[in-house]
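Per-entry structural report
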Amino acid sequence: MQTIVTRARNIAADRVQAARSDLLKPFDDTSEVNDAKGDLFAALVLALRDFAAEGQFDAMTLKCWGDLVEAYGIAGCGAVSQLNDMGLFTGCEGDVMGTLTMLIARRLTGVHPFLTDFVSVDRESNTGVLWHGGCAPISLANPAHPSICSRTLRAARG
Amino acid sequence: MTAGFALKPGRVTVLRLGDDGQNLRMLATTGQSLETEMDVRGTLARVAFDSNVVAFLDEMLSHGWEHHLIMAYGEIVPELELLCRTLHVPLTLVK
């Protein structure tokens, strides 16, 4: 974790700023993202992408929940979302086997999958909600509804 | 930083390669990702299960499956059956 944080902090400012606008472009609403947080976000994506390229990794997983926020100041979900959209398989919360399952699913379907929790069940409609904290690739978004890139999961969206 | 949106509708396979403490194993079921809105922050899909959703949840909880699942667009059960047979990984298919 410290390796990635150090790498992110050492990414050149011009690379970070150029990447920030590209990374935020797919979202309909980025009003919560100030320049400082946007730079942290972009630097993290670049650091992870560089790290994977140097190691020739097809996939990786990030110990994002807790550790990253404390060490770096932002959650990793948005970076995971972006890296998956770039075709670099990136799993959440250090889940190696979940990340391997993503690889299998992608190879069999040709579509990048969604690593998720199973958070609720409705017996009457026989439905369940699959939710995870902002890590799905935006290529899976329903274009009929707005997408948001936000600083936190805490507030309800009005 | 987090992304927030509702995932697109479509046929899905929900799967998980896990282990029972000794050996690999695969869990799968199918369903339909429904048109839905982002009523909580984060990324989410509302899925109508082909199987009984409570039976699927019971399988996960009763047999110690890991809590992360993979939602894949498309129906890939025959391919998973072939893959698991080839790799000698038992497949638990909840129908």
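Going by the structure above, here's the rest.
Here the structure is a predicted model, which means the values were calculated and not measured.

**Brief notes about the interface of chain B and chain A**
Each partner contributes residues to the interface: chain B has 49 residues there, and chain A has 63 residues. Interface area, chain B with chain A, both sides summed: about 4600 Å², of which 64% is carbon and sulfur. When the area that chain B buries against chain A is broken down by residue, the three leading residues are Met1(B), Thr2(B) and Arg41(B), summing to 23%. Summed over the shared surface of chain B and chain A, the result is two salt bridges. One salt bridge in this structure joins Glu32(A) and Arg41(B), with 2.5 Å as the shortest N-O distance. Where the side of chain B that touches chain A is concerned, the elements lending two or more residues are strand S1 (2–6), strand S2 (10–19), strand S3 (24–34), strand S4 (43–49), helix H1 (53–62), strand S5 (68–73) and helix H2 (77–87) of chain B. Along the lines of polarity and charge, the residues of the side of chain B that touches chain A split into 32 nonpolar, ten polar and seven charged. With four bridges connecting them, strand S3 (residues 114–122) of chain A and S5(B) associate as antiparallel partners. By the bridge assignment for S5(B), Thr116(A) is matched with Leu69(B).

The rules we used
- Residues numbered from 1 in each chain as written.
- Chains lettered and ligands numbered in written order.
- Predicted model: local features only at pLDDT ≥ 70, side-chain atom pairs only at ≥ 80, totals over all residues.
- Heavy atoms only, no water.
- Contact = heavy atoms within 4.5 Å.
- Buried area = accessible area lost by both parts, 1.4 Å probe.
- Salt bridge = Lys/Arg side-chain N within 4 Å of Asp/Glu carboxyl O.
- Helix = DSSP H or I, 4+ residues; strand = E, 2+ residues; numbered from the N terminus.
- Nonpolar A, V, L, I, M, F, W, Y, C, P; charged D, E, K, R; others polar.
- Pairing = 2+ DSSP bridges.

The analysis is restricted to geometry; functional conclusions fall outside its scope.
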